[in-house]
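Survey of secondary and tertiary structure
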Amino acid sequence: MTDPSVLLRQTYLLAAFSVPVVVLYAVAQTCIAVFVAPANAALRLVLEPYLLMLGLILHVQWRRVGGVFQSLGMNRPLWIVAADATSFVVTFWAVSVLVLAFLHEARLL
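Rules behind the numbers
Residues numbered from 1 in each chain as written. Predicted model: local features only at pLDDT ≥ 70, side-chain atom pairs only at ≥ 80, totals over all residues. Heavy atoms only, no water. Salt bridge = Lys/Arg side-chain N within 4 Å of Asp/Glu carboxyl O. Buried < 20%, exposed > 50% of the residue type's maximum accessible area, 1.4 Å probe, protein only. Helix = DSSP H or I, 4+ residues; strand = E, 2+ residues; numbered from the N terminus. Patch = residues over 30% accessible without salt bridge, like charges linked within 9 Å, V, L, I, M, F, W, Y side chains within 5 Å. Areas by Shrake-Rupley, 256 points an atom, 1.4 Å probe, with all protein chains shown as cover. Contact = heavy atoms within 4.5 Å.

Quick look at the pattern of salt bridges now. Here the structure, examined in full by the defined rule, presents two salt bridges. In this structure, the salt-bridge partner of R76 is D84, at a minimum N-O distance of 2.8 Å. We classify D84 as buried; its relative accessible area is 9%. A single network of salt bridges, built from pairs that share partners, joins R63, R76 and D84.

Okay, here's the thing in structure tokens:
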């Protein structure tokens, strides 16, 4: 069994590493949705799956972080909650952009 203080330190490191990735993820999704999406549905179909994979990786990391805090009987700090929520919202946004791109390419919209 791992010492709780070591586990908590590793969890904070994982969360601290994930926050800049969430920021990069949000910026990339914003750029694609604002600058690429209106003009080129085919390019969206190429780029969005990669962003969705990044979102899936982040989702797994945030679940691990949340699970550690829960197993230790602690609440997650607000900055971790905010980063997790941001990641979720950006992933939901990426799915919607991808669905719209599919509909545009299928000429249903």
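Note on placement: G67 falls in helix α2 (residues 41-71). You can call G67 partly exposed: its relative accessible area is 30%. It is 25 Å that separates the C-alpha atoms of G67 and V95, two residues lying 28 residues apart in sequence.

Let's shift gears to a nonpolar patch on the surface. Together, L43, V46, Y50 and M53 make up an exposed nonpolar region whose accessible area comes to about 410 Å². Position of L43 relative to the elements: it lies in helix α2.

Take the side chain of T11 next. Here T11 shows up in helix α1 (residues 4-36). For T11, a relative accessible area of 5% gives the class buried. Excluding anything up to four places from it in sequence, T11 contacts V65, V68 and F69.

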